[in-house]
Amino acid sequence: MKFPLSFKSFGDAIPPQYAIQVLDELTNSNAIITTGVGQHQMWAAQWYNFKRPRQWATSSGLGAMGFGLPAAIGAAEASPGSIVVDIDGDGSFIMNVQELATIWVEQLDVKIMILNNQHLGMVVQWEDRFLQGESGSYVSRVTKKSELRGAIQKMLETPGPYLLDVVVPHQEHVLPMIPSGGAFRDVIIEGDGRTKY
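Along each chain, residue indices are assigned from 1 in the same order as the chain's sequence is written. Only residues with pLDDT of at least 70 get local features here, since the model is predicted, and only at 80 or more are side-chain atom pairs given and counted; chain-wide, interface and lining totals rely on the full set of residues. Hydrogens and waters are ignored; side-chain quantities use all the structure's heavy atoms.

**Side note on the packing of aromatic side chains**
Working definition: an aromatic ring pair is given by the centre-to-centre distance plus the angle between the planes.
Step number 1: A pair of aromatic rings is counted whenever rings of Phe, Tyr or Trp (Trp by its six-membered ring) have centres within 6.5 Å, and the orientation is called stacked for planes under 30 degrees apart, edge-to-face for over 60 and tilted otherwise. Overall, the coordinates contain three aromatic pairs when judged by the stated rule.
Step number 2: With a centroid separation of 4.9 Å and 45 degrees between ring planes, the pair formed by Y48 and F50 is classed as tilted.
Step number 3: With a relative accessible area of 2%, Y48 lands in the buried category.
Step number 4: Given the relative accessible area of 27%, F50 is considered partly exposed.
Step number 5: Centre to centre, the rings of F50 and W56 are 5.1 Å apart; their planes meet at 25 degrees, and the pair counts as stacked. When a residue's accessible area, from a 1.4 Å probe over protein chains only, is under 20% of the maximum for its type it is buried; when over 50% it is exposed; and in between it is partly exposed.

**Some points on the environment of D24**
Step number 1: Relative to the helices and strands, D24 resides in helix α1 (residues 16-26).
Step number 2: When the C-alpha atoms of D24 and Y48 are compared, they prove to be 5.4 Å apart, with 24 residues separating the residues in sequence.
Step number 3: Setting aside residues no more than four positions away along its own chain, D24 makes contact with W47, Y48, N49 and K51. Only DSSP runs of H or I with at least four residues qualify as helices, and only runs of E with at least two residues qualify as strands; both kinds are numbered from the N terminus onward. Residues count as neighbours in contact if any of their non-hydrogen atoms are within 4.5 Å of one another.

**Brief notes about the environment of I114**
Step number 1: Among the secondary structure elements, I114 is positioned in strand β4 (residues 110-115).
Step number 2: A residue is classified by how much of its surface remains accessible, and I114, at 34% relative accessible area, is partly exposed.
Step number 3: Sequence-distant contacts of I114, that is, excluding residues within four places in its chain, are made with D88, G89, D90 and F93.

**A word on the pattern of salt bridges**
Step number 1: What counts as a salt bridge is simple: a side-chain nitrogen of Lys or Arg found within 4 Å of a carboxyl oxygen of Asp or Glu. In total, this model carries two salt bridges according to the counting rule given.
Step number 2: Of the charged contacts, one joins K51 and D24 as a salt bridge, the two residues approaching to 2.9 Å between their closest N and O atoms. With a gap of 27 residues between them, K51 in the loop between α2 (39-47) and β2 (56-57) and D24 in helix α1 connect regions that are remote in the sequence.
Step number 3: Note on K51: relative accessible area 44%, which makes it partly exposed.
Step number 4: With a closest N to O distance of 2.6 Å, D109 and K111 form a salt bridge.
Step number 5: Relative accessible area serves as the criterion here: at 46%, D109 is assigned to the partly exposed category.

In structure tokens form, the structure reads like this:
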């Protein structure tokens, strides 16, 4: 081949193409792959070795961000017993994230592999190539309290759209609260769930 596909390594970081390559190695021809829209869609086309017709569900060039998760739901319903994997990007996935409820309620065996580059990757790629790297879209995640102030400051100072994903502990509750079916006298004011006014 004159121009074989290749990808860069970034130390211990996971190249997205490699993630798709490993998924391909660990699945068989029974797998159905869906994608949203963006770089992950194109990498899936390049790095997943599709072995039969109707193994890939994508919106192709229509640019329907968010297509991957609903398509995976349809594939799981239409092909029970098949492994269904939505290869998605963080930006495309968020377009229909509410469909996680459908998957749970219907108990569908849908797998989701998000290639999270904290950007709308295809948008940034175009900005890098044609607008000298002037990014108008950025998704950021902060997980440590010590980094929060700086992350919020960066969000506020960055021109254009910006999503800051602040990861918080799931154990934290909103108090005071009145339990379902309770009255004001049943209000919970402390974390143990027993203390009342």
